[in-house]
Amino acid sequence: MRVVLADDEPLLRAGLRTVLEARGTVVVVGEASDGDGLIAAVDEHRPDVVLADVQMPGRGGLDALRVLCARPDAVPAAVLTTFDLDDYVAEALRIGVQGFLLKDAEPDALIRAVLDLAAGGAVLDPRITARLLPRLVSEPVVAPPRPPDLTLRERQVLRLLAAGEPNAAIGCELGLAEATVKKYVSALLVKLGAQNRVQAALLAQGWEA
């Protein structure tokens, strides 16, 4: 999997590159230290996944991700954040970012996150989920804090989606074609009032809590 990595700290980028490339399944094809560099790197390298910090000098990572996520052929993107950036994470959720990772994530978790993102999954560090849920259910554009009526199959798909599983894995688990899973996910987003699968996953996790 080809990754573009954006962070304004060279040592952190070097450490993340080492971790990501350690198993031979991920290669960092481009790096950036600001938002403009991130957009340029994505345009040049056409990666499978983008990992980006939100606070960078000049054009910030969040502004760059807003541009990238609005594209019809948007590359799956995850935010690299810390505990004290809740406002940035909430905004990233609204613009369509599919993953939220803490910078101190375990190496295996980081690699798995990249692979899951590339496969269409939602990646949510449980520590971030716990902080985001109260804000999410209070947003007027998101579904109410009680789950709507769902069919058995929709509940099954939502359970696996909430676990961060990509469409292919959900289909394998439930014996469904990937195209059928996509239809279920689209229907769930409408029923839940969610803008993307990450919001749907967060809501489902909140209802199960």
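Residues numbered from 1 in each chain as written. Predicted model: local features only at pLDDT ≥ 70, side-chain atom pairs only at ≥ 80, totals over all residues. Heavy atoms only, no water.

Participant: Just give me the short version of the overall build of the chain, but keep the residues and values in it.
Facilitator: Scanning the chain for helices and strands turns up 10 helices and six strands. Burial analysis of the chain (209 residues in total) assigns 48% to the buried set. Considering only intrachain contacts with a sequence separation of at least 6, the fraction spanning at least 24 residues in the chain is 69%. When the accessible surface of the chain is totalled, it reaches about 9,600 Å², and 54% of it is carbon and sulfur. (Helix = DSSP H or I, 4+ residues; strand = E, 2+ residues; numbered from the N terminus. Buried < 20%, exposed > 50% of the residue type's maximum accessible area, 1.4 Å probe, protein only. Contact = heavy atoms within 4.5 Å. Areas by Shrake-Rupley, 256 points an atom, 1.4 Å probe, with all protein chains shown as cover.)

Participant: Now, about the pairing of strand β3 (residues 49–53): what can you tell me, with residues and values included?
Facilitator: Where burial is concerned, most of β3 is hidden: five out of the five residues are buried. Neither face of β3 is left uncovered, since the one carrying V49, L51 and D53 and the one carrying V50 and A52 both have all their residues buried. When β3 meets strand β4 (residues 77–81), the two strands line up parallel, connected through four bridges. Bridging from a neighbouring strand, D53 pairs with L80 of β4. Once you follow β3 into helix α3 (residues 61–69) and on to β4, the crossover reads as right-handed. (Pairing = 2+ DSSP bridges. Right-handed = clockwise from strand over helix to strand, strands pointing away.)

Participant: Quick rundown of the nonpolar core? Include the residues and the values.
Facilitator: One finds L38, V50, L65, V97 and F100 to be the most contacted residues of the largest nonpolar core, which totals 49 residues. Tallying contributions element by element places helix α10 (residues 197–208) first for this core, with six residues. Among the nonpolar cores identified, the runner-up in size contains 17 residues, and A78, L101, L110 and L117 belong to it. (Core = buried A, V, L, I, M, F, W, Y, C linked by side-chain atoms within 4.5 Å.)

Participant: Quick rundown of the packing of helix α7 (residues 152–162) against helix α9 (residues 178–192)? Include the residues and the values.
Facilitator: At their nearest, the axes of α7 and α9 sit 10 Å apart, and the two run at 90 degrees to each other. Taken together, the axes of α7 and α9 are roughly perpendicular relative to one another. Of the residues in α9, those touching α7 at R153, E154, V157, L158 and L161 are Y184, V185, A187, L188, K191 and L192. Here the contact of α7 with α9 is built from residues that sort into eight nonpolar, no polar and three charged. (Axes fitted to C-alpha atoms, helices over the stretch in contact; angles between N-to-C directions. Parallel < 35°, antiparallel > 145°, perpendicular 65-115°, else oblique. Nonpolar A, V, L, I, M, F, W, Y, C, P; charged D, E, K, R; others polar.)

Participant: Let's hear about helix α8 (residues 167–174): which residues, and what values?
Facilitator: Regarding α8, the residues found buried are N167, I170, G171 and L174. One side of α8 carries all its buried residues, which in axial view fall inside an arc of 100 degrees. Projecting away from the buried face of α8 at angles above 90 degrees are the exposed residues C172 and E173. Note on α8: the residue one or two positions beyond its end, G175, has a positive phi of about 70 degrees. (Arc of directions from axis to C-beta.)

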